[in-house]
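The chain contents come next:
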Amino acid sequence: MQALAHDMIGIAMTNASRQVVPTFGREARFGTNPMCFAVPADKELPFVLDMATTTAAAGKLELAARLEKSIPTGWALDEKAEATDDPRVAQKARRLLPLGGSRDNGSHKGYGLAILVEILCGVLTGTLTALNADQDPRGHFFGAIRVDAFRPVTEFKRDMDRLIHELKSTPPIQGQNRVYVAGEIEFETAEVRAERGIPLLPSVLKGLREVSEQLGMPYNLE
């Protein structure tokens, strides 16, 4: 998002430790490999896409486990490479599924995007890839596209506003109030939490309390 202030399109990607299986695969070969893009607009909020290339990010498993909820089929496999709805089993097995979940639902596309991140972050940079690293590879790819190298920035932002407005004005399906674009929910959530604070699960509070006691630090989150 640092590129936005310079009227540029920002790109950021990171590869990660093995916990995702290739389409048709039984064992993990690469990470959740997130990719992020930030695009400036004029009056509308910028378009900010930040996504893992798995059906669900690893953090979603942790949240489901803390809430003692099951996860949807298509998120992960167990240690026998069979579908599981238990987040704790999925965390132990470390066999997340690429975006799409199954070949019929397009997991080969998520698989391809994940390996593209692996190539740009690991192979191109000459750092470690998930395949040859005993530890987290953590290669990165950062880029910025100068909008004014293609067209006037004011025209670009005007057309971005138009695109975003058209998307947001799409009639929603039954049971939903509105259509969002990438980043909009996060911007709105940030405003609310800046005003009201950040909600924490009881299990998180308990862990923070234990850490504060171990370190002899004051605990004032209640």
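Look up a bit, the structure's there.
If you're wondering where the values come from, they're calculated on a predicted model, not measured in any experiment.

Peer 1: Can you break down the packing of aromatic side chains residue by residue, with the values?
Peer 2: For the structure shown, the criterion picks out one aromatic pair. Here Phe30 and Tyr111 contribute two aromatic rings whose centre-to-centre distance is 5.6 Å and whose plane-to-plane angle is 10°, an arrangement assigned as stacked. You can see Phe30 sitting in the loop between strand S1 (8-14) and strand S2 (35-39) and its partner Tyr111 sitting in helix H3 (residues 107-123), a full 81 residues away along the chain. Looking at Phe30, the relative accessible area reads 3%, which means it is buried.

Peer 1: Explain the pattern of salt bridges to me, using residue names and the numbers behind them.
Peer 2: Under the definition given, this model contains 14 salt bridges. We note a salt bridge from Arg146 to Asp148, for which the minimum N-O separation is 2.9 Å. By relative accessible area, Arg146 is classed as partly exposed at 48%. With a closest N to O distance of 3.5 Å, Asp159 and Arg162 form a salt bridge. Of this pair, Asp159 and Arg162 are both found in helix H4 (residues 153-168), three residues apart, which corresponds to roughly one turn of the helix. Residue classification places Asp159 among the partly exposed positions, given a relative accessible area of 24%. Among the charged side chains, a network of salt bridges with common partners joins Glu44, Lys168, Arg178, Glu184 and Glu188.

Peer 1: Can you break down a nonpolar patch on the surface residue by residue, with the values?
Peer 2: There is a patch of nonpolar side chains on the surface, built from Ile198, Leu200, Leu208 and Leu221 and spanning about 370 Å² of accessible area. Examined against the element boundaries, Leu208 turns out to sit in helix H6 (residues 202-215). The class of Leu208 is partly exposed, set by a relative accessible area of 36%.

Conventions we followed
Counting restarts for each chain: residues are numbered from 1 in the order of the written sequence. Note on the predicted model: pLDDT of at least 70 is required for a residue's local features to be given, and 80 or more for side-chain atom pairs to be given and counted; whole-chain, interface and lining totals, by contrast, use all residues. Heavy atoms from the whole structure form the basis of all side-chain values; hydrogens and water molecules are not counted. The aromatic pairing rule takes the rings of Phe, Tyr and Trp, using the six-membered ring of Trp, and pairs them if the centres are within 6.5 Å, calling planes under 30 degrees apart stacked, those over 60 edge-to-face and the rest tilted. The helix count covers DSSP runs of H or I at least four residues long, the strand count covers runs of E at least two residues long, and both are numbered beginning at the N terminus. Under the scheme applied here, a residue whose accessible area is under 20% of the maximum for its type counts as buried, over 50% as exposed, and between as partly exposed, the area being computed with a 1.4 Å probe on protein chains only. Any Lys or Arg side-chain nitrogen found within 4 Å of a carboxyl oxygen on Asp or Glu counts as a salt bridge. Residues enter a patch when their relative accessible area is above 30% and they make no salt bridge; the linking distance is 9 Å between like charges and 5 Å between nonpolar side chains (Val, Leu, Ile, Met, Phe, Trp, Tyr). Using the Shrake-Rupley algorithm and a 1.4 Å probe, accessible areas are obtained, with residue cover drawn only from the displayed protein chains.

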